[in-house]
Amino acid sequence: MDGLETVRRRLETAQGVCVLTGAGMSAESGIPTFRDAMTGLWSRFDPAELASEDGFRADPGRVWDWYAERRDGVRRAEPNAGHHALAAFAARRPGVLTLVTQNVDDLHQRAGNVDTIRLHGDILRDRWLEPCRCRPALPPDAATPGRPPRCPGCGVMARPGVVWFGEFLPEGALVAAQQAASACDVMLVVGTSGAVWPAAGLAGRAKTRGAFVAIVNPHDSEIDAEADVVLRGTAATVLPALLS
Ligand code: BV8
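Everything numeric here is computed off the predicted structure, so don't read it as measured data. (Residues numbered from 1 in each chain as written. Predicted model: local features only at pLDDT ≥ 70, side-chain atom pairs only at ≥ 80, totals over all residues. Heavy atoms only, no water.)

1. Overview of the UniProt feature "binding site: NAD(+)" (unreviewed entry) in the chain
Note the following rule: UniProt positions are given in the numbering used here, feature names are shortened, and annotations may be inferred rather than shown by experiment. Note on conventions: DSSP H or I runs of at least 4 residues are helices, E runs of at least 2 residues are strands, and numbering of each starts at the N terminus. A contact between two residues is defined here by any heavy atoms of the two lying within 4.5 Å.
Following the UniProt record, the feature "binding site: NAD(+)" (unreviewed entry) maps to Gln-102, Asn-103, Val-104, Asp-105, Gly-191, Thr-192, Ser-193, Asn-217, Pro-218, His-219 and Ala-235 here. Note on placement: Gly-191 falls in the loop between β6 (186-190) and α9 (201-208). Those residues in contact with Gly-191 that sit more than four places away from it in its chain are Gly-22, Ala-23, Gly-24, Met-25, Val-216 and Asn-217. In this fold, Ala-235 is placed in helix α10 (residues 235-243). Once residues within four sequence positions are removed from consideration, Ala-235 is found in contact with Gly-24, Met-25, Glu-28, Gly-82, Val-190, Val-216 and Pro-240.

Below, the structure written as structure tokens:
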């Protein structure tokens, strides 16, 4: 029996399925993967430097513009067949799927997986870099290229509502993801290099607790060793074949 059929059968009988997605999940929707995102204008910068509070404080305008460009790409993108396959699976098998994403886009939610656990936040939301002390709260002033919005009252800057390198993940999200990985029968890891922690530890956690682990990725990843089966293919082609 080939790898795809093996994973299909495991999914059919599973009572608990945990899926972890990474940037590769959205690649076929036209959103560059995190490391590919450093093409063109951004090829001179290290993504981990831009996606950090130090990087933002060092040059707020540059980082703000990087996120503004990425946000525009997310708004132009549409969920792909992989996103839709996951949403259809969740609808067909209520209560079986826990979807965990490292992605900061909203494509899983737009495809219908509205209860997706978001480990690294939401690129379409902002928050204050420091607490805004204005009472009543004032709306931020308008964003302009090269200048993050500020509170007109106390002057604090807005920042993207994502988790930067060196920042703790939202505790509730991480605990829920770890619980799902510990309890599942099957863990499916889709489109991630497995380079970023603690998300990268979820596959190993599932494995040590007896889950069947499958990876969907056209290339090698840092967590391939945790997999019982590695399916060398893309999210938008493999997931519909696996989950339909
Ligand atoms: C933290 C939001 C506590 C921002 C992101 C343990 C060991 C080593 C290091 C650490 C550790 N614990 C913590 C660290 C430090 C750090 C870390 O992991 N560093 C790495 C680089 C070594 N982690 C943290 O800082 C985390 N915080 O642990 O807090 C703490 C606090 C202080 C000090 C220490 C610890 C916070 C991490 C969150 C960072 N924020 N995103 C933004 O987006 O701007 S991470 C960001 O990069 C993404 O969200 C994503 O998670 C990650 C990129 O990974 P992937 O999703 O895998 O994407 P990538 O491009 O790498 O790969 C794409 C894959 O898709 C490839 O494999 C490719 O082959 C595949 N692919 C391509 N096309 C397709 C495809 N697959 C399927 N279909 C296709 N079509």
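2. Brief notes about α9
Side chains that are three or four residues apart share a direction in an α-helix, a result of its 3.6 residues per turn. Defined as follows: Think of it in three bands: residues with accessible area under 20% of the maximum for their type are buried, residues over 50% are exposed, and the middle band is partly exposed, with areas taken using a 1.4 Å probe on protein chains only.
The set of residues buried in α9 consists of Gly-201, Leu-202, Ala-203, Gly-204 and Ala-206. The secondary structure elements touched by the buried residues of α9 are β1 (17-21), β2 (97-101), α8 (171-183), β6 and β7 (212-216). In the segment just after α9, Gly-210 is the residue with positive phi, at about 95°.

3. Here's the deal with the environment of Leu-20
In this structure, Leu-20 sits in strand β1. A sequence separation of 169 residues divides Leu-20 from Val-189, and the C-alpha atoms of the two residues are 4.9 Å apart. Beyond its immediate sequence surroundings of up to four residues, Leu-20 is in contact with Val-100, Gln-102, Leu-119, Met-187, Leu-188, Val-189, Val-190, Ala-199 and Leu-202.

4. Focus: the sheet that holds β6
Here is the rule we go by: Two strands qualify as a pair provided that DSSP identifies no fewer than 2 bridges between them. Axes here refer to lines fitted to C-alpha atoms; in helices the fit is confined to the stretch in contact. Angles between the N-to-C directions go from 0 to 180 degrees.
As summarised here, the arrangement of the 6 strands in space is β3-β2-β1-β6-β7-β8, forming an open sheet in which the pairing is parallel. A strand with exactly one partner marks an edge of an open sheet, and here the two such strands are β3 (117-118) and β8 (229-231). Summarising the sheet, β2 and β3 pair through 2 bridges and their orientation is parallel. Directly across from Thr-101, in β3, lies its bridge partner Arg-118. Along the sheet face, helix α1 (residues 3-13) touches β1, β6, β7 and β8 and points at about 115° away from the line of β8.

5. Looking at the nonpolar core
One recurring pattern in soluble globular proteins: nonpolar side chains tend to sit buried together. Heads up, the condition is: Think of a nonpolar core as a cluster: buried Ala, Val, Leu, Ile, Met, Phe, Trp, Tyr and Cys residues, connected wherever their side-chain atoms sit within 4.5 Å.
Of all hydrophobic cores here, the largest spans 25 residues; its most connected members are Val-7, Val-17, Leu-188, Leu-239, Leu-242 and Leu-243. The element best represented in this core is α10, accounting for 5 residues. Residue contacts for Leu-243: discarding those within four places in its chain leaves Leu-11, Ala-85, Leu-86, Phe-89, Arg-92 and Leu-188.

6. Quick word on the state of the cysteines
As a reminder of what qualifies: The term disulfide is used for any two cysteine sulfur atoms that are within 2.5 Å.
Applying the stated criterion across every chain yields a total of 0 disulfides. Here Cys-134 stays free of any disulfide, with the sulfur of Cys-151 as its closest cysteine sulfur at 3.5 Å.

7. What to know about the pattern of salt bridges
Pairs may arise between side chains of opposite charge once their charged atoms sit close together. The condition that has to hold: Salt bridges are identified by distance alone: a Lys or Arg side-chain nitrogen within 4 Å of an Asp or Glu carboxyl oxygen.
Tallied over the entire structure, the rule returns 17 salt bridges. Arg-8 is the salt-bridge partner of Glu-5, the closest N and O atoms lying 3.8 Å from each other. Taken together, the residues span about one helical turn, with Glu-5 and Arg-8 both in helix α1 at a distance of 3 residues. According to the relative accessible area criterion, Glu-5 is partly exposed, its value standing at 26%. A relative accessible area of 19% means that Arg-8 is categorised as buried. Between Arg-232 and Asp-220 there is a salt bridge; the shortest N-O distance is 2.9 Å. Of the two residues, Arg-232 sits in the loop between β8 and α10 while Asp-220 sits in the loop between β7 and β8, which places them 12 residues apart along the sequence.

8. Let's talk about the packing of aromatic side chains
Note on aromatic pairs: each is described by the distance of the centres and the angle between the planes. This is how the line gets drawn: Pairing of aromatic rings covers Phe, Tyr and the six-membered ring of Trp, with a centre-to-centre limit of 6.5 Å; geometry is then stacked below 30 degrees between planes, edge-to-face above 60, and tilted otherwise. Placement of a charge over a ring requires the Lys NZ or Arg CZ to be within 6 Å of the ring centre, with the centre-to-atom vector within 35 degrees of the ring normal.
Summed over the entire model, instances satisfying the criterion amount to 3 aromatic pairs. Ring centres of Tyr-67 and Trp-164 lie 6.4 Å apart, and the angle between their planes is 55°; on these two criteria the pair is classed as tilted. One end of the pair, Tyr-67, is in helix α5 (residues 60-76); the other, Trp-164, is in the loop between β5 (158-162) and α8, and 97 residues separate them in sequence. Residue Trp-164 is classed as buried on the basis of its relative accessible area of 1%. One aromatic cluster is present, built from ring pairs that chain together Phe-56, Trp-66, Tyr-67 and Trp-164. Over the face of the ring belonging to Trp-66 we find Arg-70, whose NZ or CZ atom lies 4.5 Å from the ring centre. Positioned over the ring face of Trp-64 is Arg-71, at 5.1 Å from the centre of the ring.

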